[in-house]
Amino acid sequence: MSRLIVSLLAFAFAIISLAFLPHDLSAQAVGESRELSAGRVRKNLGEGPANVAGFEKVRVYEDTAQPGAAWATPPGGMPAPMFCTLLKGELTVQVEGEGTKTYRAGDSWVCHVGQKTQAKSTGAEPSVMPMHWLLRAGQR
């Protein structure tokens, strides 16, 4: 193959990869925060080895959502299995095929890969939710 064709294929692959990679799995520096949507910020608290069979590491994020902030999972659903705990506030979550649940400070739950949800911070104060994402070897 000519260098031009190889270069064009590599460029096309890079563009397609960026379009289809789950952006929520993209690593951000430990301690770094970024706004995910209006009124919702995610902070990377760090990662370490997982002691769960089949998973290489666990990454801990903390989402803070202002009252009234709403969001949905990516079109493909949850990108990784995770364990969540609501430390503060109130969150109302509609899980596709399972109905609506309201979580309050101290509640914990799990999400599976592909699960589709819509969530809203419904309390009077910001909701604060650490999430422990289980990542397989090679996942970023």
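Given the structure is predicted, the values throughout are model-derived calculations rather than measurements.

Each value, and the rule that gives it
Residues numbered from 1 in each chain as written. Predicted model: local features only at pLDDT ≥ 70, side-chain atom pairs only at ≥ 80, totals over all residues. Heavy atoms only, no water. 1 Å grid on protein atoms, 1.4 Å probe; cavity = no way out; pocket = protein on both sides within 12 Å on 5 of 7 lines; lining within 4 Å. Points joined across faces, edges and corners; volume = space filled by probe spheres on them. Helix = DSSP H or I, 4+ residues; strand = E, 2+ residues; numbered from the N terminus. Nonpolar A, V, L, I, M, F, W, Y, C, P; charged D, E, K, R; others polar. Buried < 20%, exposed > 50% of the residue type's maximum accessible area, 1.4 Å probe, protein only. Polar contact = N/O pair within 3.5 Å; in protein donor to acceptor, adjacent residues only side chain to side chain. Pairing = 2+ DSSP bridges. Axes fitted to C-alpha atoms, helices over the stretch in contact; angles between N-to-C directions. Contact = heavy atoms within 4.5 Å. Core = buried A, V, L, I, M, F, W, Y, C linked by side-chain atoms within 4.5 Å. pLDDT = per-residue confidence, 0-100. Phe/Tyr/Trp six-rings, centres within 6.5 Å; stacked < 30°, edge-to-face > 60°. Lys NZ or Arg CZ within 6 Å of the ring centre and 35° of its normal.

1. Some thoughts on the layout of surface pockets
- One number sums up the size of the largest pocket: a volume of about 280 Å³.
- Contributing to the lining of the largest pocket are 27 residues, with Trp-71, Thr-73, Met-78, Cys-111 and Thr-117 lying nearest its centre.
- The set of elements that each furnish at least two residues to the lining of the largest pocket consists of strand S2 (40-49), strand S4 (70-72), strand S5 (82-85), strand S6 (90-95), strand S7 (99-104), strand S8 (108-111), strand S9 (117-121) and strand S10 (127-135).
- Along the lines of polarity and charge, the residues of the lining of the largest pocket split into 18 nonpolar, three polar and six charged.

2. Remarks on the side chain of Arg-42
- Position of Arg-42 relative to the elements: it lies in strand S2.
- Accessibility expressed as a relative area gives 2% for Arg-42, which makes it buried.
- Side chain to side chain, Arg-42 and Asp-63 meet in a polar contact 2.7 Å long.

3. With respect to the sheet that holds S9
- Taken together, four strands build an open sheet; the order of strands is S4-S9-S6-S7 and the sheet is antiparallel. Unpaired on one side and paired on the other, S4 and S7 mark the two borders of the sheet. Adjacent strand axes in the sheet meet at a mean angle of 20°, parallel and antiparallel pairs treated alike.
- Here six bridges tie S6 to S7, and the two strands are oriented antiparallel to one another. Note that in S7 the partner of Val-93 across the bridge is Lys-101.

4. Here's the deal with the sheet that holds S10
- With antiparallel pairing, the six strands of this open sheet are ordered in space as S1-S2-S3-S10-S5-S8. Of all the strands in the sheet, the pair left with one neighbour each is strand S1 (33-37) and S8. Geometrically, the sheet is characterised by an average inter-axis angle of 25° between neighbouring strands, direction not taken into account.
- Pairing geometry for S5 and S8, over four bridges, is antiparallel. Looking across to S8, one finds that Thr-85 is bridged to Ser-108.

5. Let's talk about the environment of Gly-39
- Checked against the element boundaries, Gly-39 lands in the loop between S1 and S2.
- On a C-alpha basis, the gap between Gly-39 and Pro-126 in space is 9.2 Å, while along the polypeptide they are 87 residues apart.
- Leave out the neighbours within four places in its chain, and Gly-39 touches Thr-64, Ala-65, Gln-66 and Ala-69.

6. Remarks on the nonpolar core
- The biggest cluster of nonpolar side chains holds 20 residues, and the ones touching the most others in it are Met-82, Leu-91, Trp-109, Met-129, Met-131 and Trp-133.
- When sequence neighbours within four positions are dropped, the list of residues in contact with Trp-109 reads Met-82, Phe-83, Cys-84, Thr-85, Leu-86, Leu-91, Tyr-103 and Met-129.

7. Describing the confidence of the model for the protein chain
- Overall, the predicted model of the protein chain reaches an average pLDDT of 84, with 81% of residues at or above 70.
- Every residue in residues 3-25 is under pLDDT 50, and counting partners more than four places away or in other chains gives 20 contacts.

8. So, the packing of aromatic side chains
- This model, assessed by the stated rule, comprises two aromatic pairs.
- With a centroid separation of 5.2 Å and 75° between ring planes, the pair formed by Tyr-61 and Trp-133 is classed as edge-to-face. With Tyr-61 in strand S3 (residues 57-65) and Trp-133 in strand S10, this pair connects stretches of sequence that are 72 residues apart.
- Of the residues examined, Tyr-61 reaches a relative accessible area of 0% and is grouped as buried.
- On the numbers, 3.8 Å between centres and 15° between planes, the contact of Tyr-103 with Trp-109 is stacked.
- In this structure, Arg-42 packs its charged tip against the face of Tyr-61, placed 5.2 Å from the ring centre.

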